[in-house]
Amino acid sequence: MLAAAGVSGIAALAGCSGGNNNNGNDGPNSDSVHNATYVNAYTGNPVDLHFNSSGSQNFSWPAGRAVFAPFVKYSFNKSKFLLGALDDLQIEGQEVTLTFRNDLKWDNGDDWTTEDLEVQLKLAKKTGSSLWGYLDDFEILGKKKAKLMLSGPTNPQIIKFELTNFFVDTKKETHEKWLNKSEAEFLRWAWEDPVASGAMSFVSKDQQAFEFERNPEFYNADNVNFSTYLIESYGGNTAQHQALMSGTKVDAATSLFTPPEIAKKFPKNVVEVNIPAKWGYGIVFNHNDPQFGERAVRQAVAHVINRQALVDNAGPRTKFVAPIPCGIAPKDQKSWLGDWYDDFETYGPESKQTNKAAQLLKDAGYSKQGGTWTDDNGNKLGGQYYSPAGWTDWTTMTQTVVSQLNEFGFDFSVTTKPTNDWFGQYSKSNFKMGSFYWLPGGARSAFPYFPLYYQLWATDIGGGHGYRKKADTEQTVPGRNGGEMTLNPLKVTEKIAQQPNDDKARQFVQQSAWHNHIELPFLGLVSKFEQSWTTNDDWTEASENSPNRRVKWPQFWWLHEGELQYKG
């Protein structure tokens, strides 16, 4: 999309010669930077969002990806890791050596050095970053080199996946003041004017959009042949669909669920990129609640819900059921569970198992009064079921879930909230149960340790589901072949990460998943392919065979690698 007069106020940048990126692709199509604007649609008010990635509740991750260079990325179509700001990554025994690019700079012209990394690692420790679950310490080896010392044997994949969550987003001069502040103060900090390390520099934001300009200090700046990048705010999926259908308003939508009947209406220049999400619709329970804190009630909920009905109603083209609610991504369950797979309770992925649900509730002391299940004090089994406003596919699945539960005899009503309020409801433990993603998403969810740990800890809502303390205690659950299994679920899950390879990790994955499918800290219902959209009339795209094709997210990683360029 060509820049309209007065949109950015940024003059065209000239004199940038075409170079070669590290994939051998051509750089900019000419020896100048085009006065063109790339417009990426997003749901969220920029005024309410910031660039402090540790303050995750109001951090704008698309805006962050525009301005911060990633350490490393993961290619889903090639199943390999791709280096970004890192020039080399070596893992030997219990030592991880990070070597950063010599040309890594901030957009104010300062060189990036390991002094910045030192502050970043210390703040990561202060905020309880999951990377520090594997580290004892770190050592600075030079201006561009550092060593991480692992606390014990660790699967190398764990560290690589952890590093996909790290970006060059911490500058010593900006961030070191927070080292002497409390964690809470740092997490509340709204960083409004970031110093960039990535392809774009921040210009401004208002209710309509984030505005960025090309960062000439970016190490792959020769791959960026246009001047302006906008992340425009839209009021939900429907508004983004309409913008893409118009053929002129936007050039991309980073992550946008689109049902088949809508996708058919998109112009031919709109391209869909499907990426395994390792994420999806599920239910989070409040384990401090006297009703939904009971295992029998959670299991009854699982038996009542026909998961296939959610997929059929909300998008069979891109969604699929979780065969077993066990904390492992659906497509990974058979390979990891092995000969345990057939022994797991599936809770009926394509049916309502109402007889089993009723028996569980009766055995737990519940009875049906006037068609509604109640406890022995006459309290109805139900409450407000929360769902995020504007997420159209989630709204459909929520309506399906609540309809099925109420038909069985629960008493739920749907309450939709803006995304930030939805998170806040759970963070404050002010709920009974509601919709929430049951996998943490992204590349890391391909390794079962991450989703299994996430369900015990619920880091994205600050542990608001109330399972944290229980997870670190000895529990006894029914065993696989009769009898009982006694384990500390947190410690068993942590052992997954401590194994040197997948074969040695398998037994702990199986035990952790077995506990999960009985206790149900979360209820996994549906997963999906991410639908990411871009256009190819004015802009180039990565080829189907490119390792960059299915990396999260194309609109930012393609830019990094020179595969998103203005055709001019």
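The rules behind the values
Residues numbered from 1 in each chain as written. Predicted model: local features only at pLDDT ≥ 70, side-chain atom pairs only at ≥ 80, totals over all residues. Heavy atoms only, no water. Helix = DSSP H or I, 4+ residues; strand = E, 2+ residues; numbered from the N terminus. Buried < 20%, exposed > 50% of the residue type's maximum accessible area, 1.4 Å probe, protein only. Contact = heavy atoms within 4.5 Å. pLDDT = per-residue confidence, 0-100. 1 Å grid on protein atoms, 1.4 Å probe; cavity = no way out; pocket = protein on both sides within 12 Å on 5 of 7 lines; lining within 4 Å. Points joined across faces, edges and corners; volume = space filled by probe spheres on them. Nonpolar A, V, L, I, M, F, W, Y, C, P; charged D, E, K, R; others polar. Core = buried A, V, L, I, M, F, W, Y, C linked by side-chain atoms within 4.5 Å. Axes fitted to C-alpha atoms, helices over the stretch in contact; angles between N-to-C directions. Left-handed = near helix turned anticlockwise from the far one by under 90°. Salt bridge = Lys/Arg side-chain N within 4 Å of Asp/Glu carboxyl O.

Bringing the environment of Leu104 into the picture now. Secondary-structure assignment places Leu104 in the loop between strand 5 (95-100) and helix 2 (114-126). Looking at Leu104, the relative accessible area reads 0%, which means it is buried. The spacing of Leu104 and Asn516 is 412 residues in sequence and 43 Å in space, taken between C-alpha atoms. Here Leu104 is in contact with Ala85, Asp111, Trp112, Lys144, Val168 and Tyr219, once residues within four sequence places are set aside.

Turning our attention to the confidence of the model for the protein. Mean pLDDT over the protein stands at 92; residues scoring 70 or higher make up 95%. Note that pLDDT drops below 50 for residues 1-30; the model gives that stretch 77 contacts with residues more than four away or on any other chain.

Following the criterion strictly, the structure yields one cavity of 30 Å³ or more and no others. The space that makes up the largest cavity amounts to roughly 120 Å³. Around the largest cavity sit 16 residues that line it, and Arg65, Phe68, Pro70, Phe556 and Trp557 are the ones nearest its centre. Elements supplying a minimum of two residues to the lining of the largest cavity: helix 1 (61-67) and helix 18 (554-561). Split into classes, the residues belonging to the lining of the largest cavity amount to 11 nonpolar, two polar and three charged.

Right, let's talk about the nonpolar core for a bit. Among the nonpolar cores identified, the biggest contains 102 residues, and Phe51, Phe71, Phe100, Phe212, Phe226, Tyr229 and Tyr449 are the most heavily contacted of them. When residues of this core are assigned to their parent elements, the largest contribution, six residues, is made by helix 17 (residues 502-519). For Phe100, the contacting residues outside a window of four places in its chain are Phe71, Ala85, Leu86, Asp87, Trp112, Leu117 and Lys144. Counting 54 residues, the second-largest nonpolar core is a separate cluster that includes Val304, Phe410, Tyr426 and Leu523.

In contact at an axis separation of 9 Å, helix 9 (residues 307-314) and helix 12 (residues 392-408) are set at 145 degrees when each is read in the N-to-C sense. Every pair of crossing elements has a handedness; the one defined by helix 9 and helix 12 is right-handed. Contact residues: Ala309, Leu310, Asn313 and Ala314 in helix 9; Asp393, Thr396, Met397, Thr400, Val401 and Gln404 in helix 12. Residues belonging to the contact of helix 9 with helix 12 are distributed by class as follows: five nonpolar, four polar and one charged.

A separate point is the environment of Ala497. Of note, Ala497 is situated in helix 16 (residues 489-497). Given a relative accessible area of 2%, Ala497 falls into the buried group. Dropping the residues within four chain positions of it, Ala497 is found in contact with Tyr134, Pro153, Thr154, Asn155, Ile158 and Tyr449.

If you walk through the whole model with that rule in mind, you get 25 salt bridges. Across the pair Glu544 and Arg550 runs a salt bridge, and its minimum N-O distance is 3.1 Å. A network of salt bridges, in which partner residues are shared, links Arg295, Arg298, Lys470 and Glu519.

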